[in-house]
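Tertiary structure, described
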Amino acid sequence: MVDRRRRSVRTALVGEALRVALAARERTDPAAGADRAGADRPRSDRVGSDRVGSDRVGSDRGGLDIVDLGGGTGGFAVPLAVEGHRVTVVDPSPDALASLERRARDEGVSELVRGVQGDAAELPGLAGESSADAVLCHGVLEVVDDPVQALQAMASVLREGGVLSLLVAQRNAVVLARALAGHLAEARIALQDPDGRWGATDPMPRRFDETGITAQLADAGFLVHTVHGVRTFADLVPSAFVDSEPGAADSLAELERAASRHPAFRALATQLHILATR
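The notes below deal with the structure included here.

Reading the values: rules and limits
Residues numbered from 1 in each chain as written. Predicted model: local features only at pLDDT ≥ 70, side-chain atom pairs only at ≥ 80, totals over all residues. Heavy atoms only, no water. Helix = DSSP H or I, 4+ residues; strand = E, 2+ residues; numbered from the N terminus. Buried < 20%, exposed > 50% of the residue type's maximum accessible area, 1.4 Å probe, protein only. Contact = heavy atoms within 4.5 Å. Areas by Shrake-Rupley, 256 points an atom, 1.4 Å probe, with all protein chains shown as cover. Salt bridge = Lys/Arg side-chain N within 4 Å of Asp/Glu carboxyl O. Pairing = 2+ DSSP bridges. Axes fitted to C-alpha atoms, helices over the stretch in contact; angles between N-to-C directions. Polar contact = N/O pair within 3.5 Å; in protein donor to acceptor, adjacent residues only side chain to side chain. Expected span 1.5 Å × (residues − 1). Arc of directions from axis to C-beta.

Brief notes about the overall build of the chain
Of the regular secondary structure elements, the chain holds 11 helices and 7 strands. Within the chain, buried positions represent 48% of all 278 residues. If you take every contact in the chain between residues at least 6 apart in sequence, the share linking residues at least 24 apart comes to 75%. With the model as given, the accessible surface of the chain reaches about 12700 Å², and the carbon-plus-sulfur share is 52%.

In structure tokens, the structure reads:
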């Protein structure tokens, strides 16, 4: 129960901001996705676990064409499909795609969800250039081989005016976390390391800061609209408190929401959520 409450707090702000951006995309381009559904979406050569749903991707229900890079089991993809959007999930894990298929089927949206096995480097060939109204990249840029190439690939997949929802790990948070845990030398290393890593055994290949990631986005042709801090307090508040105190989870969510755009607190957030357009 605690884990579910924490996950809800951690993802709620991202989901809220994303839905506002998608609604704006639909308002500014009412024809987005609706008259092009599936027309410029390539058919994958792969079969079996690489494909999810029927061939009726691109129904007449309206909505947007969305690509979820590294979307795994469909935590974002399936709810977006329930809202009527067509979602292609590109993920390297066949097990995750199998779970995605089950989740989509359980929610009755198999025809709106497609799973393709692949990674960021293959994205233009798998999803199709200028094929998407929105691209989600949540917790992926940290682990790809080449972040610059990945951002360029995402830009090529988006239609003009399309939305990028980017969620990345932030360097400052791990510096603070290592220091509070008593690992002062590791905190100093993370502060100075170009990739924000605290040592050779750090499981995260890289972390970002706001200045650096927004510059990379600009270089890839994106215009940044909003930057939110995510998980500013959610990782610090004791689990026992969230579990036992009535209303604590809601209060934590409201605190996260209030702090998400505050520059001082955003700089300490575990993740940065960036919304940009091409």
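More follows now that the structure is in view.
Describing the pattern of salt bridges
Considering all chains together, one arrives at 11 salt bridges under this definition. For R86, the salt bridge identified is with D65, shortest N-O distance 2.7 Å. Of this pair, R86 sits in strand β2 (residues 86-91) while D65 sits in strand β1 (residues 65-69), and the two are 21 residues apart along the sequence. Across the pair, exposure class does not vary: R86 and D65 are buried alike. As a salt-bridge pair, D202 and R207 come within 2.7 Å of each other at their nearest N and O atoms. In this structure D202 comes out as buried when scored by relative accessible area, which is 3%. By relative accessible area, which is 11% here, R207 ends up buried. Taken together, the salt bridges that share partners define one network made up of R25, D65, R86, D133 and R159.

Quick notes on the sheet that holds strand β7 (residues 271-277)
Read from one edge of the open sheet, 7 strands run β3-β2-β1-β4-β5-β7-β6, paired in mixed fashion. The sheet terminates laterally at β3 (113-117) and β6 (223-230), the two strands that pair on one side only. Strand-to-strand twist in this sheet, taken as the mean axis angle between neighbours without regard to direction, amounts to 15°. Pairing between strand β4 (residues 132-138) and strand β5 (residues 158-169): 6 bridges, direction parallel. Paired with H138 across the strands is L167, a residue of β5. Contacting β2 and β3, helix α3 (residues 94-106) runs over the sheet at an angle of about 170° to β3.

Section: the side chain of D202
Among the secondary structure elements, D202 is positioned in the loop between α7 (184-192) and α8 (210-219). A polar side-chain atom of D202 sits 3.0 Å from the main-chain amide nitrogen of M204. If near-sequence neighbours (up to four positions away) are discounted, D202 is found in contact with G196, R197 and R207.

Section: helix α10 (residues 248-259)
An ideal rise of 1.5 Å per residue puts 16 Å on 12 residues; α10 measures up with 16 Å between its terminal C-alpha atoms. Within the span of α10, buried status applies to A248, A249, L252, A253, E256 and A259. Along the axis of α10, the buried positions cluster into a sector of 140°, meaning they face one direction only. What points out from α10, more than 90 degrees from its buried face, is the exposed set D250 and A258.

Remarks on the environment of A169
Looking at where A169 falls in the secondary structure, it is placed in strand β5. Overall, A169 belongs to the buried group, its relative accessible area being 9%. Along the chain, A169 and H138 lie 31 residues apart, while their C-alpha atoms are 9.5 Å from each other. Once you skip the residues sitting within four places of it in the chain, A169 turns out to touch E142, M204, R207, F208, T270 and Q271.

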